[in-house]
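Each chain, written out:
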Amino acid sequence: MFKGGHGSLNESYVPQVANHGVLKYPHRMNFYDVPPTFDTTIEEFERCALDRLRILAEIESSAARNRTWEELKTVTRAQCEKYLPLNFNLVAKHNDLDLERRRDHLSHFVLRLAFCRSEDLRRRFVKAETTLFKVRYDDDMGKDRDAFLDSRDFNWTSVGQEEQRQYKTELEAAYPVSKSELDRPSEKYYKVKWTRVPDLVERRKVFLKEGWAYVPSREQSSIVFQEFETHLERALEMTARLLPRLDEDTRLLPILNNLSQGFLAGISSEWSNASGSTNTDEIKAEMVDGMAKKHFPLCMRTLHESLQRDNHLKHFGRLQYGLFLKVLGLSVEEAVAFWRKSFSRITDDKFNKEYKYNIRHSYGLEGKRANYPAKSCLQILTGGPSEYGCPYRTFSPENLQAALLSSYSQQGLRSVDLPEIMAAVKSSHFHVACTRVFEITHSADVRKGDGVGGESVTHPNQYAARSIELEKAAKEAMDVE
Amino acid sequence: MPSAEIDVSPEVMLTFYRRLYPFKTIFNWLNHEHAPSRLFTHREFAFTLQGDVYLRYQSFNNADELKKQVCQLNPTRFEIGPVYSARPRDKKTIRAGAFSPQVRELVFDIDMTDYDPIRTCCKDAGICKKCWGFIAAAVHVIDSAIRDEFGYEKLIWVYSGRRGIHLWISDKEAMELTDQQRKSLVGWLTAIHPTAKESSKKPNFRFGGKLPPSLQNALQYLKTIFGELILTEQDCFESEEGYEELLQYISDSRTVESLRTKWEDSPSRSSEDKWNDLLRIASSRPNLIPALEDVIIQYTYPRLDAEVSKHRNHLLKAPFCIHPKTGRVCVPLDVTSIDKFDPEGVPTVGQLLQELDAIGREEGAAISHSDWEKTSLKPYVDLLDRHSQGLMDEVRKEKRKDDVSW
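Residues numbered from 1 in each chain as written. Chains lettered and ligands numbered in written order. Predicted model: local features only at pLDDT ≥ 70, side-chain atom pairs only at ≥ 80, totals over all residues. Heavy atoms only, no water.

Engineer: Outline the overall build of chain A, listing residues and values.
Structural biologist: The secondary structure content of chain A amounts to 24 helices and four strands. The proportion of buried residues among the 481 residues of chain A is 50%. Within chain A, contacts between residues at least 6 apart in sequence are counted, and of these 74% link residues at least 24 apart. (Helix = DSSP H or I, 4+ residues; strand = E, 2+ residues; numbered from the N terminus. Buried < 20%, exposed > 50% of the residue type's maximum accessible area, 1.4 Å probe, protein only. Contact = heavy atoms within 4.5 Å.)

Engineer: Explain the overall build of chain B to me, and be specific about the residues and the numbers.
Structural biologist: What chain B contains, in helices and strands, is 15 helices and nine strands. In chain B, which comprises 406 residues, the share counted as buried stands at 52%. Split by element, the accessible area of chain B, about 18,400 Å² in all, is 50% carbon and sulfur. (Areas by Shrake-Rupley, 256 points an atom, 1.4 Å probe, with all protein chains shown as cover.)

Engineer: I'd love a proper account of the side chain of B:Ser184, names of residues and values included.
Structural biologist: Assignment of secondary structure puts B:Ser184 in helix α7 (residues 179–189). Judged by its relative accessible area of 0%, B:Ser184 is buried. One polar contact links the side chain of B:Ser184 to the main-chain carbonyl oxygen of A:Pro198, over a distance of 3.0 Å. Beyond its immediate stretch of four places on either side in the chain, B:Ser184 contacts A:Trp194, A:Pro198, A:Asp199, A:Val201 and A:Glu202. (Polar contact = N/O pair within 3.5 Å; in protein donor to acceptor, adjacent residues only side chain to side chain.)

Engineer: I'd like to hear about the UniProt feature "binding site: [4Fe-4S] cluster" (unreviewed entry) in chain A, residue by residue, with values.
Structural biologist: Residue and element names in this part refer to chain A. The UniProt record marks Cys299, Cys377, Cys390 and Cys434 with the feature "binding site: [4Fe-4S] cluster" (unreviewed entry), using the residue numbering of this structure. For the annotated residues, spread through 136 residues, the largest C-alpha to C-alpha distance comes to 10.3 Å, consistent with a single compact locus. For Cys299, the residues in contact, after removing those within four places along its chain, are Gly389, Pro391 and Pro460. When you line up the elements, Cys377 lands in helix α19 (residues 377–382). Overall, Cys377 belongs to the buried group, its relative accessible area being 14%. (UniProt positions renumbered as here; feature names shortened; annotations may be inferred.)

Engineer: Before we move on, can you summarise the side chain of A:Gln226 with the specific residues and values?
Structural biologist: As for its position among the elements, A:Gln226 is in helix α10 (residues 220–242). Those residues in contact with A:Gln226 that sit more than four places away from it in its chain are A:Arg196 and A:Pro198.

Engineer: Tell me what's going on with the packing of aromatic side chains, and back it up with residues and numbers.
Structural biologist: Counted according to the given criterion, the structure contains 56 aromatic pairs over all chains. Here the aromatic rings of A:Phe338 and A:Trp339 are separated by 5.5 Å at their centres, their planes lie at 75°, and the arrangement is edge-to-face. With a relative accessible area of 3%, A:Phe338 lands in the buried category. The buried category is assigned to A:Trp339, whose relative accessible area is 4%. The interplanar angle of 65° and the centroid separation of 5.2 Å between the aromatic rings of B:Tyr159 and B:Phe341 together place this pair among those described as edge-to-face. Of this pair, B:Tyr159 sits in strand β6 (residues 155–159) while B:Phe341 is found in the loop between β9 (332–333) and α14 (349–363), placing the two residues 182 residues apart along the sequence. Since its relative accessible area comes to 11%, B:Phe341 is described here as buried. Cation over ring: A:Lys191 sits above A:Trp212, and NZ or CZ is 5.5 Å from the ring centre. Here the basic side chain of B:Lys274 rests over the ring of B:Trp263, its NZ or CZ set 5.8 Å away from the ring centre. (Phe/Tyr/Trp six-rings, centres within 6.5 Å; stacked < 30°, edge-to-face > 60°. Lys NZ or Arg CZ within 6 Å of the ring centre and 35° of its normal.)

Engineer: Account for the pattern of salt bridges, with residues named and values stated.
Structural biologist: All names here are of chain A. Summed over the entire model, instances satisfying the criterion amount to 47 salt bridges over all chains. For Asp104, the salt bridge identified is with Arg52, shortest N-O distance 2.7 Å. With Asp104 in helix α4 (residues 94–115) and Arg52 in helix α2 (residues 42–64), this pair connects stretches of sequence that are 52 residues apart. Take Arg52: its relative accessible area is 0%, and that puts it in the buried class. (Salt bridge = Lys/Arg side-chain N within 4 Å of Asp/Glu carboxyl O.)

Engineer: Outline the environment of B:His166, supporting the account with residue identities and numerical values.
Structural biologist: All names here are of chain B. Within the fold, His166 resides in strand β7 (residues 164–169). Here the alpha-carbon distance between His166 and Ile156, two residues ten residues apart in the chain, equals 8.3 Å. Contacts of His166, omitting those with residues within four sequence positions, involve Phe108, Asp109, Ile156, Trp157, Val158, Ser160, Leu316 and Lys317.

Engineer: An account of the interface of chain B and chain A is needed here, citing residue identities and associated values.
Structural biologist: Contacts between chain B and chain A engage 25 residues on the former and 21 residues on the latter. The three residues of chain B that bury the most area against chain A are B:Trp188, B:Phe207 and B:Pro213, which together make up 33% of that side's buried surface. Here chain B is connected to chain A by two salt bridges. Summed over the shared surface of chain B and chain A, the number is eleven residue pairs in polar contact (both at pLDDT 80 or more). Per-element accounting of the side of chain B that touches chain A gives the leading share, eight residues, to α7(B). (Buried area = accessible area lost by both parts, 1.4 Å probe.)

Engineer: Got a sec to walk through the packing of helix α3 (residues 69–83) of chain A against helix α5 (residues 119–139) of chain A? Specific residues and values, please.
Structural biologist: Residues and elements named next belong to chain A. At a minimum axis separation of 10 Å, α3 and α5 run at an interaxial angle of 90°. Classed by the angle they form, the pair α3 and α5 counts as roughly perpendicular. Contacts from Trp69, Leu72, Lys73, Thr76, Arg77 and Cys80 in α3 reach Thr131, Leu132, Lys134, Val135, Asp138 and Asp139 in α5. When grouped by side-chain class, the residues that make up the contact of α3 with α5 number five nonpolar, two polar and five charged. (Axes fitted to C-alpha atoms, helices over the stretch in contact; angles between N-to-C directions. Parallel < 35°, antiparallel > 145°, perpendicular 65-115°, else oblique. Nonpolar A, V, L, I, M, F, W, Y, C, P; charged D, E, K, R; others polar.)

Engineer: For the sheet that holds strand β5 (residues 106–111) of chain B, give the residues involved together with the corresponding values.
Structural biologist: All names here are of chain B. Pairing in this open sheet of four strands is antiparallel, and the strands run β5-β7-β6-β9 from one edge to the other. Unpaired on one side and paired on the other, β5 and β9 mark the two borders of the sheet. Bridge analysis of β6 against β7 gives five bridges, and the strand direction is antiparallel. Paired with Leu155 across the bridge in β7 is Ile169. (Pairing = 2+ DSSP bridges.)

Engineer: Which residues make up a negative patch on the surface, and what values do they have?
Structural biologist: Residue and element names in this part refer to chain B. A surface patch of like charges, here negative, comprises Glu240, Glu241, Glu264 and Asp265. Elements with a contribution of two residues or more to the negative patch: α9 (240–247) and α10 (253–265). Here Asp265 is to be found in helix α10. (Patch = residues over 30% accessible without salt bridge, like charges linked within 9 Å, V, L, I, M, F, W, Y side chains within 5 Å. Lys, Arg positive; Asp, Glu negative; His and termini not counted. Charge placed at Lys NZ, Arg CZ, Asp CG, Glu CD.)

Engineer: Quick one: what's the story with the environment of A:Ala49, residue by residue and with numbers?
Structural biologist: All names here are of chain A. You can see Ala49 is positioned in helix α2. Separated by 206 residues in sequence, Ala49 and Ile255 have C-alpha atoms that sit 9.6 Å apart. For Ala49, the contacting residues outside a window of four places in its chain are Ser107, Val110, Leu111 and Leu259.

Engineer: Quick one: what's the story with the nonpolar core, residue by residue and with numbers?
Structural biologist: Counting 138 residues, the largest nonpolar core has B:Phe108, B:Trp132, B:Tyr152, B:Leu185, B:Phe237 and B:Trp275 as its most contacted members. Examining the composition of this core, we find that twelve residues originate from one element, helix α5 (residues 129–148) of chain B, more than from any other. Filtering out sequence-adjacent residues up to four positions away, B:Trp132 remains in contact with B:Ile127, B:Tyr159, B:Gly164, B:Ile165, B:Leu333, B:Ile338, B:Phe341 and B:Pro343. Core analysis: the second largest hydrophobic core is formed by 56 residues, A:Ala335, A:Tyr355, A:Ile359 and A:Leu413 among them. (Core = buried A, V, L, I, M, F, W, Y, C linked by side-chain atoms within 4.5 Å.)

Engineer: Provide a residue-level description of the pairing of β5(B), including the pertinent values.
Structural biologist: Residue and element names in this part refer to chain B. Judged by how many residues are buried, β5 sits mostly within the fold: six of six residues are covered. Covered by surrounding structure in β5 are Leu106, Phe108 and Ile110 together with Val107, Asp109 and Asp111, the residues of both alternating faces. In the sheet, β5 pairs with β7 via six bridges, with the strands oriented antiparallel. Bridge pairing in β7 links Phe108 to Leu167.

Engineer: Describe the packing of helix α1 (residues 10–20) of chain B against helix α4 (residues 63–73) of chain B, with residues and values.
Structural biologist: A pair of packed helices is captured by two measures, namely the crossing angle of their axes and the spacing between those axes. Residue and element names in this part refer to chain B. Two elements in contact, α1 and α4, have axes whose closest approach is 9 Å; the angle formed by their N-to-C orientations is 165°. With respect to α4, the axis of α1 lies roughly antiparallel. Helix-helix and strand crossings are classified by hand; for α1 and α4 the assignment is left-handed. Facing Leu14, Tyr17 and Arg18 of α1, the residues of α4 in contact are Lys67, Val70 and Cys71. In terms of residue class, the contact of α1 with α4 is built from four nonpolar, no polar and two charged. (Left-handed = near helix turned anticlockwise from the far one by under 90°.)

Engineer: I'd love a proper account of the pairing of strand β2 (residues 53–58) of chain B, names of residues and values included.
Structural biologist: As defined by bridge partners, strand β1 (residues 43–49) of chain B adjoins β2(B) across four bridges and the pair is classed as antiparallel. Residue pairing in the sheet places B:Phe47 in a bridge with B:Leu55 of β2(B).

In structure tokens, the structure reads:
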């Protein structure tokens, strides 16, 4: 199914005269009934899945951050625009449309493979995908939507005039009409088994007769969403059962494993591969201390403070903190100076022998000369017990609250903010807690829900860089005045 | 009550299981056909043994095996659970993921405890003919809602042996409902949350001031029994506490004040008089009507134990078990005569054994396995047998249809 090889992407899409009749994917939305059967490259396979995952991760953290439906829609739309645009039939050229929709199609099915393995992953995936479907359905335009709905058999019967007259009073009582709608011609109703609209039944928002639910056309979406959800649930269970029999070489499984970790910390961000410096201004060794107090996320502040206190850090701490500083913009010379000064209790000789090599190594100047990226939240969160880890996860609630107050009270974090943060921690949404801290400590420039440039924290360097950026912008604004 | 009637000693129970308990009837009812199917063989039974030891995940191939095990373990009672994807007794040998509940009767439990805040005749474990009025009202409402709105037909109501009633629905579609769908159905039928404190939370089941059609149907019936049940028998608004509760539903403070003074001055006014006072005011002030409707619903609408119905894997006591506190048999009931039902008229295990003794003396015959036919248990067993016959006819029709289809 997913054969490697290039070129197939272009071959099947010879530019043609724009004609919607020949679109491979005539509808913007997709019910994902049919799996993709085209050839694709392994790179494309992973790239689209990652892009979709970024959207789903943001949807999931929206729920954890208690965004309203409108906020969620705005955020999701922005993420979609960025990573996986899907245009309307009238807007874009037909060639682009098919390409976009193809990516949407492929990415959905790749993620199914990644998220079908456990009950918990399945549940989260279904929830996020259904939300994404709802957002898109909401955005879809009337005609497109009707055509999309017509393309699939939902197995509903429309209620005849006769029957509608028979239950007139009940129908009117069940669906109170507001004044403005009174002059409208009578509404159309659809009849489905009540089990298809459990949410309407639970809220008593429907008229039931002998097991049939009479759903007005404006509540039709409820049937559609329910159908999408149950269909996806069933499909995922089926995939889970078939997955062990996937006749697969060693290329896909690592990708799938990696993807299914993605929900844990919300993978989104380009920072995952940050290995070079991101800061144009040079940072000197003596500036680190000041910057730590202003710009670092809690994990790095913790490392910095224990380094200052003990004049030492263990190997993994050095590695984690050193790479972070490298990406922050500390040159190798400054790094050596910084670590030398921090390790004040050892002799020059010992330092040069035992530590300098490691510092130069992490800058790609020794050994196999690899340019190591800084660790992302995902790596820090999922790392082994010997590593320093994410304080939101490893600290006890009491210690965490104390640490937060002592670290960030100067930047405006008050004890009244703590319950909200601790609630996120308690439900294991560590990146949400960290993002909230960022918002609170940058409340002059960042509103609640904005996160780090519109996203949740996914990388310590993303956190620090955004913080520095905000400070610079504020300074420039002041200079202008 | 003579002490012999509440004798539920192990010896009594054993004789009851050996000679009276209708295992075949229970088998037919659960299995829907004569040859054992998954509906029976993959079904969980749970035993409560003497000394409150709880034994779960029992399963049996047929009615005789069940009877053998029951007679051997001699439980104080046993419960029926869902049909699992594998035999429950093999649970330990199966991967955890491969053992899950598949189908199960849709069940409801109505318990008198949920009515404690409003009933005035008894408290806690007590129940009398008067209290039964609440249960009878609930049965009427639930029974017609399930039949008319959800279209299920295979309903059997079972007295729980003390102060409640169970409903088992065996329609194929009802048995296959998922937990999510069960939760929705319960949501539809729930108007009053027994856990919420009455006084702190006013009910809210209206949309834009109107009652949804399902509650309107219920209200039509509840109006007809409200007078006798709440005003006459329970006399709910007689005490000061009682009428203060009532006044909370009236939002207009001047009306409340005038009524309060009037009722304080003449403490002899009965609930009915007070209700009539309200009706009189309402006849000139129609905006009071919804509040009065709310009162009727609040005091008479069924109060369900929702948790029992929401999950397929919830266990519920099997019909014909003996309630350990009262010694009464959990008998199936005919919904058409539910109003006339008297909980104290239900045979107790002691009484049944006495009947057996009497027969034995008369006939001197050998002990047979379906001795219930000669006791006052017979009409109840016949009732469940007729119900099971309906289920079996359904299955047979279904099978015949399959045969013809190709």
